[in-house]
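# Chains, contacts and geometry: an overview
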Amino acid sequence: MIHQLDSQGNNRLPLPPIPSCVRTFEGFELTTAGDWQLFAGPSQSKLQLCWEPFQQGPVQMTDRFLHQLQLCWVARLQQKRSNTVYNDYGAVRQLHKWLNSAKGQTVVGAQFDWWNFTIELAFIWLEDLQQSSTQRFNAPKHHFNPVRFLYQLGAKLQLPDFSAEIAAQLEDLKLTGIRRQLQINFDLPTLECPVHCADGQVVDTASEKWNALYDIRTSKGITFNFNLLRKSPSVFSERFIHQVKLILIGQLKTLKPSTVHHSFQIIGDLDGWLRREVGQSFLEGRLFEWNDFTLELAQNWLDDLEKISSKRGLPFSKVRGMYELALETLALPDFSSSVLEGLREMTPLSADRGKHVRGFDPKTGPLSQAEEALLKMALEAELGQPEDRAIIMLLLHLGVRPHSLAILKVSHLKRYEQEGDVIYHLTVSPIKRETTVKNRPIPRQLGELLEQLQPDSAQPNDSLLFWLRASDPTLHMRQLLKRFIKASDLVSPETGKLLHLFPRRLRYTLATYLAEMGAPLSVVSELLGHDAIENVQTYVEMRMSVAHNIGKATAAALNPRIKYFTGHKIIDSLEEIKSPGVPLELIFDVAFNLKVFDKQPQVLGGCTRNPSQECHLFPPFSCYCCPKFAALRSAPHQSWLETIELFLEQSAGQVDDRILMQMNTTRYAVQELLVQLSGL
């Protein structure tokens, strides 16, 4: 029996003896006297466990420590391969090495025993191991884990210097973060109940289901069901979920419940990702904690999100905001400032605000001039369902968010008669600024359509757009817009496919038009319902049409340096560009739907592009500025120029200014071509 006094001079409980001979898992006989010689297999070298190194250095492992260590290994050797015990030996050597470091010596005295292995000491050691880890070597996994298993085995064997309580706490001590989730060291605050939200709602947070309204002016409800985060098998720990609740409560005080609910849904997205194979590699069979949200995990998650779509980088940005709130405002314990700093340096593709507008994306950016002209012609022709046309016209003229339309009441439509004319206004409340109400004028055609759609029994407080589904008006609007495009068969000249239309594109289109016309940013910001002009800066960045307005003002000085006509070449005969067996596409001086062009078509030139490639431009206006256009020398270019100038004169103030802008560009190009022809 081995006895030893503790630091207070008390006699420690006696230890059972170590068997003199042990049969290992592989079937070899091990003599336990002196150093141990392990055999992993007949063809493998001996594995030697030496005890003398443990009793060297400023901090020495006691005989009692080594005796209990050997008792644990006797049990391990009967159930595990010798290689496993040898790995344990290396891990204990690393513990001894750390105890002899400057930091380790401040934690313990000159003698170390198993009863010195407290949860506080384990915590400090694990922090140091985490900092020393590299991409190729996981120090906590190779050093801390084996010692943790040994301690838990010692407690299971009921050895006197091991604590079952500490063994349980070691099980909770995770391996992938600096800050740990030990409840004994880091108590979490209780949940505030009830919570007064930024929009005036009061949310009861006492249960696992929080209920709120999507918007205080609508009856649509939303639910925060935290039981959804406990789907079997569980991924998140209760501690993780509790801190999620604390974060969401913090957000509810400054944001609308609908915005906060988006954060809750994204935690559900993270849950789904962790259940996938790539996410499970980070769990290592344990429940997920906030201190497991490392930079490596965050980067892997972001990479996976952006494989689906660049837009899916938005959930990452949302979680980063939650992390920031938890650390800097709520000061929750499981969050690291170094992780937050790294998260701030990660930029999702979708974080490039306004890229769809700046790049004039053909599917998600503002409508092109040709697309908008086609859409307006379809509206004027009264194609599709009247309810669909009303939605499109409202979005196109007001540029508001879908929910601003969904909350409109019958009383918000105002009809005035002035000097025999009828004027319509709508009282619009931007969805993000509930106290801001604006009376916006709308076209008479739209006002009359809205009046005609109202049932005879309509009351002032009834919904103006009563046909919209209250459960999800945004999705319903997208469906109605898609139905209108199919019914009117609107094909985009940009893509050659059915026009891709959704509410936000119409919002982009209005804002871009306002910027092109020189509207101040403050006006654009106010119309769109933004709180700051920085949010609309995109609409005037990198816009060629804005530069064109400036160019027109300085045309006299700059025109000699600007090349408008960029055609392929000037030809004497169409045969010069005709390829054998390939049909030649002719360009005529015809623009349908414009009255002044009602005349006999004449050939202006030919297109040299490959006929198998579609043209997404707007012939013949765009041809003079297209490098594929071959201008015929004998063509009536002068007559075409006079026709354009006549249209500009007659249409001033009557058609969209952007159409006039394009016509002006064409006029400059034709003028330049005529100058070249006169000099040949």
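Residues numbered from 1 in each chain as written. Predicted model: local features only at pLDDT ≥ 70, side-chain atom pairs only at ≥ 80, totals over all residues. Heavy atoms only, no water.

## Some words on the nonpolar core
- One finds Phe236, Phe288, Trp290 and Phe293 to be the most contacted residues of the largest nonpolar core, which totals 49 residues.
- Contributing elements (two or more residues each) for this core: strand E9 (209-213), strand E10 (221-225), helix H7 (238-252), helix H8 (257-275), helix H9 (277-283), helix H10 (295-308), helix H11 (313-329) and helix H12 (337-345).
- With eight residues, the top contributor of residues to this core is H7.
- With 47 residues, the next largest nonpolar core counts Val108, Ala122, Leu126 and Val147 among its residues. (Core = buried A, V, L, I, M, F, W, Y, C linked by side-chain atoms within 4.5 Å. Buried < 20%, exposed > 50% of the residue type's maximum accessible area, 1.4 Å probe, protein only. Helix = DSSP H or I, 4+ residues; strand = E, 2+ residues; numbered from the N terminus.)

## Here's the deal with helix H23 (residues 637-651)
- With 15 residues, H23 should cover 21 Å at 1.5 Å per step; its first-to-last C-alpha distance of 21 Å lies within 8% of that length.
- Of the residues trailing H23, Gly653 is marked for its positive phi of about 80°. (Expected span 1.5 Å × (residues − 1).)

## Quick word on the pattern of salt bridges
- Counted by the stated rule, this structure contains 21 salt bridges.
- Here Glu208 makes a salt bridge to Arg230, at a shortest N to O gap of 2.8 Å. Linking Glu208 in the loop between strand E8 (202-203) and E9 with Arg230 in the loop between E10 and H7, this pair joins segments that are 22 residues apart in sequence.
- The partly exposed category is assigned to Arg230, whose relative accessible area is 22%. (Salt bridge = Lys/Arg side-chain N within 4 Å of Asp/Glu carboxyl O.)

## Observations regarding the packing of aromatic side chains
- Under the defined criterion, the tally for this structure stands at 32 aromatic pairs.
- Note on Trp73 and Tyr89: the rings are 6.2 Å apart at their centroids and 55° apart in plane angle, and the pair reads as tilted. Here Trp73, found in helix H1 (residues 63-77), pairs with Tyr89, found in helix H2 (residues 82-99); they are 16 residues apart in sequence, far enough to count as distant. Neither Trp73 nor Tyr89 differs from the other in exposure class; each is buried.
- Residues Trp290 and Phe293 carry aromatic rings whose centres are separated by 6.0 Å and whose planes lie at 65° to one another, so their mutual orientation is edge-to-face. Residues Trp290 and Phe293 agree in their burial class; the two are buried.
- The rings of Phe236, Phe240, Phe288, Trp290, Phe293, Trp301, Tyr323 and Phe335 are connected pair by pair, giving a single aromatic cluster.
- Looking at Arg93, its charged tip hangs above the ring of Phe54, at a distance of 6.0 Å from the centre. (Phe/Tyr/Trp six-rings, centres within 6.5 Å; stacked < 30°, edge-to-face > 60°. Lys NZ or Arg CZ within 6 Å of the ring centre and 35° of its normal.)

## Some thoughts on empty space enclosed by the protein
- Applying the stated rule across the entire model yields two cavities of 30 Å³ or more.
- Quantified by volume, the second largest cavity comes out at close to 30 Å³.
- Lining the second largest cavity are Thr24, Glu26, Phe28, Glu29, Leu30, Gln37, Leu38, Phe39 and Ser82.
- Put simply, the parts of the chain that give the lining of the second largest cavity at least two residues each are strand E2 (29-31) and strand E3 (36-39).
- Per element, the largest residue contribution to the lining of the second largest cavity is three residues, and it comes from E3. (1 Å grid on protein atoms, 1.4 Å probe; cavity = no way out; pocket = protein on both sides within 12 Å on 5 of 7 lines; lining within 4 Å. Points joined across faces, edges and corners; volume = space filled by probe spheres on them.)

## As for the packing of helix H15 (residues 386-398) against helix H18 (residues 473-488)
- Across the interface, H15 lies against H18 with an axial gap of 9 Å and an inter-helix angle of 110°. With respect to H18, the element H15 is oriented roughly perpendicular. Where H15 approaches H18, its residues Asp388, Arg389, Ile391, Ile392 and Leu395 are matched on the opposing element by Met477, Leu480, Leu481, Arg483 and Phe484.
- Residue composition of the contact of H15 with H18, by class: seven nonpolar, no polar and three charged. (Axes fitted to C-alpha atoms, helices over the stretch in contact; angles between N-to-C directions. Parallel < 35°, antiparallel > 145°, perpendicular 65-115°, else oblique. Contact = heavy atoms within 4.5 Å. Nonpolar A, V, L, I, M, F, W, Y, C, P; charged D, E, K, R; others polar.)

## Examining the side chain of Asp113
- Along the polypeptide, Asp113 turns up in the loop between strand E6 (111-112) and helix H4 (119-132).
- Within polar-contact distance, the side chain of Asp113 engages the backbone nitrogen of Phe65 at 3.4 Å. (Polar contact = N/O pair within 3.5 Å; in protein donor to acceptor, adjacent residues only side chain to side chain.)

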